[in-house]
Amino acid sequence: MFGAALHVEFFLRRDPDGQVVGAHLEHAPAVVAAAHALGRLSLRETAAAGMPLAAVFDAALASLD
């Protein structure tokens, strides 16, 4: 699910009303919920600020529990 959530999180930022998000809402709403959780973490900004990649992934995975 983590990979799918990363994919959908990208589209939530770029095109939240587009076909990718819409298809996941219809067929895999849990993935969209996980994508929203990842978005709330601001992982891109955290990684860009210098947080080690392993810590970024640990934070992301913890948010999906």
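Definitions and cut-offs
- Residues numbered from 1 in each chain as written.
- Predicted model: local features only at pLDDT ≥ 70, side-chain atom pairs only at ≥ 80, totals over all residues.
- Heavy atoms only, no water.
- Helix = DSSP H or I, 4+ residues; strand = E, 2+ residues; numbered from the N terminus.
- Expected span 1.5 Å × (residues − 1).
- Buried < 20%, exposed > 50% of the residue type's maximum accessible area, 1.4 Å probe, protein only.
- Phe/Tyr/Trp six-rings, centres within 6.5 Å; stacked < 30°, edge-to-face > 60°.

(A) How the structure looks around helix H3 (residues 29–41). With 13 residues, H3 should cover 18 Å at 1.5 Å per step; its first-to-last C-alpha distance of 19 Å lies within 8% of that length. All buried positions along H3 are accounted for by Val 31, Val 32, Ala 34, Ala 35, Ala 37 and Leu 38. Positive backbone phi, at 55°, marks Ser 42, one or two positions downstream of H3.

(B) The arrangement of the environment of Ala 33 in detail. Along the chain, Ala 33 falls in helix H3. Take Ala 33: its relative accessible area is 47%, and that puts it in the partly exposed class. For the pair Ala 33 and Ala 5, spaced 28 residues apart in the sequence, the C-alpha separation amounts to 8.2 Å.

(C) Spotlight on the packing of aromatic side chains. Tallying each qualifying case throughout the model produces 1 aromatic pair. Ring plane angle 85° and centroid distance 5.2 Å describe the contact between Phe 10 and Phe 11, whose orientation is recorded as edge-to-face. Judged by its relative accessible area of 35%, Phe 10 is partly exposed. When its relative accessible area of 23% is taken as the criterion, Phe 11 is described as partly exposed.

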